Amino acid sequence: MNTNWTIARRRPALEARARIIQSIRQYFIQEGFLETETPLRIPAPAPESHIDAIPSDGWFLQTSPELCMKRLLAAGYERIFQLCHCWRAEERGNRHLPEFTMLEWYRAHSDYNDLMVDCENMMRSVAATCGNGSTLMVQGKDVKLDRAWQRLTVREAFARFGGITMEDALAADRFDEVMVEAIEPQLGIGQPTFLCDYPAARGALARLKADDPSVAERFELYISGIELANGFSELTDASEQRFRFEQEEQYRRSSGRIPYPEPSKFLEELPAMPPAAGIALGVDRLVMVMLDATSIDQVVAFTPEEL
Amino acid sequence: MYTVADLKKGLKITLDGYPYIVIAFDFTKPGKGQALYRTKMRNMINGTILDRTYRSGETFEQASLEDRKMQFLYKEDDHFVFMDNQTFEQYRMSEDAVGDSKNYLIDNLPVDVLLFSEKAIGVDLPNFVNLRVTETSPWAKGDTSGSDSKPATVETGYVLRVPPFIEEGELIVIDTRTGEYSTRVKG
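Keep in mind it's a predicted model, so treat the numbers as computed, not measured.

Student: Please clarify how the overall build of chain A should be interpreted in this entry.
Tutor: Scanning chain A from N- to C-terminus turns up ten helices and 14 strands. Across its three principal directions, the C-alpha atoms of chain A cover 60 × 45 × 40 Å. Expressed as a percentage of its 307 residues, the buried residues of chain A come to 53%. Sequence separation of 24 or more characterises 68% of the internal contacts of chain A that already satisfy a separation of 6 or more. Accessible surface, chain A as shown: approximately 13100 Å² in total, 50% of it carbon and sulfur.

Next comes the structure, spelled out in structure tokens:
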């Protein structure tokens, strides 16, 4: 008897995972989204300071399908979604795999508020197909999906849980540490939390808020301290986008990372992109939350160590 | 010298002159932020627990501890007694210092005992130990799914999940790094 018992034991999780992916797909198709498949291997990932792509024969394995999907938006595809694998070098932990499954969706003529509503509706529908009803049990605590989800700005979160203001934490280069140690564990308790309005310096590809340009229209979704998704009102100003890419790429190169070429076709086509909102959600973590798994290892067929 | 990439449960490092053992560790990354390494460490001399968050690039000194080949003799009250294989000298270690290793300590088990200024402060176990199952429910005939599990108690009193076909009295192999069932000992 040579059964690999560790892998055989995952059957209930893998069956639930399959149902979750089917119900995500069904949800977006019903909402009128087109399922897309963009190439996994690309010549130029979006430069981000703290995300490293894995080189692949002169190109890179994608860290996200973001740039290709935005080119589809620019070409007139107004509601699109994608379920695909993404790779991020050296990310391995209880909630991280270097190869993981991403769900991204984009909607034209929308902003980040519409994405938050999408999240609520999609996750309620997924929870129902998992037999979870409207309440999840995560790490011994109830998370109610049926009432309105909490919206908390990053500034409020620092004031409430961080013991330091958002501005001081940035100035002291303590933003990430305070977030991880003091704030994240308090988010998504009782009901999911949208952490909104990141400081402009952490805006990535998000547009700044019209009535407060010190923050960007970016949010992260949390359930029981687990970060599930990152969404933006998308930046459509090509010169501002080029400037942010250059800054990120400069940081990447100065810290000894592999240089990326400029994603020039994306930048050329960006002016044609309508106002839009887009979001990336970690499917493995969504499965973790639905099944109350304590490690991402429990919800995938194989971890890298098992290959 | 260790880097953050070496951090894992069980790693022993020196901080402020004290040997510490990493008892919990996770790689984490707040949305779009930098990689952070959250660790919980126990001071191996006084038992103090320390939470620290490290960034990439930080380095650590290895704990300067002496490794001595010993065998576990017996437990006395809340102390565990080990004997040096060479000198036959006996060393006592508190339950706290033994930690999770107590789940695998059966009489005469050969282990590496860590000494700091001649004081026994920790145990290094082999990666796999064989322990006998003393209590578990019988295998329900017809259950051939292969994916189920049931609780089993082994001779040290430790309880873990095992496949349904494991019977009382069987010898099983346990991975001491994870505390999980690995395989059964045939024969």
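Student: Just checking my understanding: could you explain the sheet that holds strand S3 (residues 55-56) of chain A for this structure?
Tutor: Note on sheets: strands pair through backbone hydrogen bonds, and any given pair is parallel or antiparallel. Residues and elements named next belong to chain A. Here three strands make up an open sheet; going across it, the order is S2-S4-S3 and the pairing antiparallel. The sheet terminates laterally at strand S2 (41-42) and S3, the two strands that pair on one side only. With two bridges joining them, S2 and strand S4 (residues 59-61) adopt antiparallel strand pairing. Counted as the bridge partner of Ile42 is Phe60 from S4.

Student: Whenever I open this one, the interface of chain A and chain B confuses me. Can you help?
Tutor: Accessible area lost during the coming together of the parts is what is often quoted as the interface size. Taken together, the 28 residues of chain A in the interface contact 23 residues of chain B. A buried area of about 2400 Å², summed over both sides, lies between chain A and chain B, and 51% of it is on carbon and sulfur atoms. Across the chain A-chain B interface, the total number found is four salt bridges. Ionic pairing is found between Lys32(B) and Glu48(A), a salt bridge with its closest N-O pair at 3.0 Å. Taken together, the links from chain A to chain B amount to eleven residue pairs in polar contact (both at pLDDT 80 or more). At the level of elements, helix H1 (5-8), helix H7 (175-183), strand S12 (212-223) and strand S13 (226-233) of chain A are the ones that each hand at least two residues to the side of chain A that touches chain B. No other element matches the five residues that H7(A) contributes to the side of chain A that touches chain B. Its residues assigned to classes, the side of chain A that touches chain B shows eight nonpolar, five polar and 15 charged.

Student: Is there a simple way to think about the pattern of salt bridges in this case?
Tutor: Where side chains of opposite charge bring their charged atoms close, a pairing between them can arise. Residue and element names in this part refer to chain A. In the structure shown here, the tally under the stated rule is 39 salt bridges over all chains. Its salt-bridge partner being Asp52, residue Arg252 comes within 2.9 Å of it at the nearest N-O pair. Highlighted residues: Arg252 in helix H8 (residues 238-254) and Asp52 in the loop between S2 and S3, separated in sequence by 200 residues. Where salt bridges share partners, they join Asp52, Glu249, Arg252, Arg253 and Arg257 into one cluster.

Student: I tried to follow the nonpolar core on my own but got confused; where do I start?
Tutor: Looking at soluble globular proteins, one finds that nonpolar side chains tend to be buried together. Among the nonpolar cores identified, the biggest contains 51 residues, and Ile24(A), Phe28(A), Leu103(A), Trp105(A), Met122(A), Met123(A) and Met290(A) are the most heavily contacted of them. By residue number, the principal contributor to this core is helix H4 (residues 112-129) of chain A, which donates eight residues. In contact with Met290(A), not counting residues within four places along its chain, are Ile20(A), Met123(A), Val126(A), Ala127(A), Cys130(A), Asn132(A) and Leu136(A). Grouped together as the second largest cluster of nonpolar side chains are 31 residues, Phe82(B), Phe165(B), Ile166(B) and Tyr181(B) included.

Student: Would you mind showing me how to read the UniProt feature "domain: Aminoacyl-transfer RNA synthetases class-II family profile" (unreviewed entry) in chain A here?
Tutor: As recorded in UniProt, the feature "domain: Aminoacyl-transfer RNA synthetases class-II family profile" (unreviewed entry) lies at residues 17-304 of chain A. As annotated, residues 17-304 of chain A has a helix share of 34% and a strand share of 26%, and its two end C-alpha atoms lie 18 Å apart.

Student: Teacher, can you tell me more about the pairing of strand S6 (residues 99-108) of chain A here?
Tutor: Two faces make up the sheet, and in a regular strand the side chains alternate between them. Residue and element names in this part refer to chain A. Across the ten residues that make up S6, a large majority, nine, are buried. Where strand S5 (residues 79-87) and S6 come together, nine bridges link them in antiparallel fashion. Counted as the bridge partner of Arg79 is Arg107 from S6. Two elements, S6 and strand S14 (residues 276-282), share seven bridges in a ladder whose sense is antiparallel. Looking at the pairing, Leu103 lines up with Leu281 of S14.

Student: Sorry if this is basic, but what is going on with the sheet that holds strand S16 (residues 180-184) of chain B here?
Tutor: Residue and element names in this part refer to chain B. One open sheet holds the five strands; their spatial order is S14-S13-S12-S15-S16, and the pairing between them is antiparallel. Every interior strand has two partners, whereas the edge strands, strand S14 (159-162) and S16, have only one. Strand-to-strand twist of the sheet, defined as the mean angle between neighbouring strand axes without regard to direction, takes the value 55°. As paired elements, strand S12 (residues 128-136) and strand S13 (residues 150-154) share three bridges and run antiparallel to each other. Paired with Thr136 across the bridge in S13 is Ala152.

Student: Please clarify how the UniProt feature "domain: Translation elongation factor P/YeiP central" (unreviewed entry) in chain B should be interpreted in this entry.
Tutor: As recorded in UniProt, the sites labelled "domain: Translation elongation factor P/YeiP central" (unreviewed entry) are residues 67-121 of chain B. Annotated as 7% helix and 56% strand, the span residues 67-121 of chain B places its first and last C-alpha atoms 11 Å apart.

Student: Is there a simple way to think about the packing of helix H2 (residues 11-30) of chain A against helix H10 (residues 283-291) of chain A in this case?
Tutor: To characterise two packed helices, one gives the angle between the axes of the helices and the distance between these axes. Residues and elements named next belong to chain A. Taken N-terminus to C-terminus, the directions of H2 and H10 make an angle of 115°; their axes are 10 Å apart at the nearest point. For the pair H2 and H10, the sense of crossing is right-handed. Contacts between H2 and H10 involve Ala13, Ala16, Arg17, Ile20, Ile21 and Ile24 on the former and, on the latter, Val283, Asp284, Leu286, Val287, Met290 and Leu291. Of the residues belonging to the contact of H2 with H10, the class tally is ten nonpolar, no polar and two charged.

Student: Just to check I follow, could you spell out the side chain of Asp112(B) for this structure?
Tutor: Among the structural elements, Asp112(B) can be located in strand S10 (residues 110-116). Residues in contact with Asp112(B), not counting those within four places in the same chain, are Asp67(B), Arg68(B), Lys69(B), Gly122(B), Val123(B) and Asp124(B).

About the criteria used
Residues numbered from 1 in each chain as written. Chains lettered and ligands numbered in written order. Predicted model: local features only at pLDDT ≥ 70, side-chain atom pairs only at ≥ 80, totals over all residues. Heavy atoms only, no water. Helix = DSSP H or I, 4+ residues; strand = E, 2+ residues; numbered from the N terminus. Buried < 20%, exposed > 50% of the residue type's maximum accessible area, 1.4 Å probe, protein only. Contact = heavy atoms within 4.5 Å. Areas by Shrake-Rupley, 256 points an atom, 1.4 Å probe, with all protein chains shown as cover. Pairing = 2+ DSSP bridges. Buried area = accessible area lost by both parts, 1.4 Å probe. Salt bridge = Lys/Arg side-chain N within 4 Å of Asp/Glu carboxyl O. Polar contact = N/O pair within 3.5 Å; in protein donor to acceptor, adjacent residues only side chain to side chain. Nonpolar A, V, L, I, M, F, W, Y, C, P; charged D, E, K, R; others polar. Core = buried A, V, L, I, M, F, W, Y, C linked by side-chain atoms within 4.5 Å. UniProt positions renumbered as here; feature names shortened; annotations may be inferred. Axes fitted to C-alpha atoms, helices over the stretch in contact; angles between N-to-C directions. Left-handed = near helix turned anticlockwise from the far one by under 90°.

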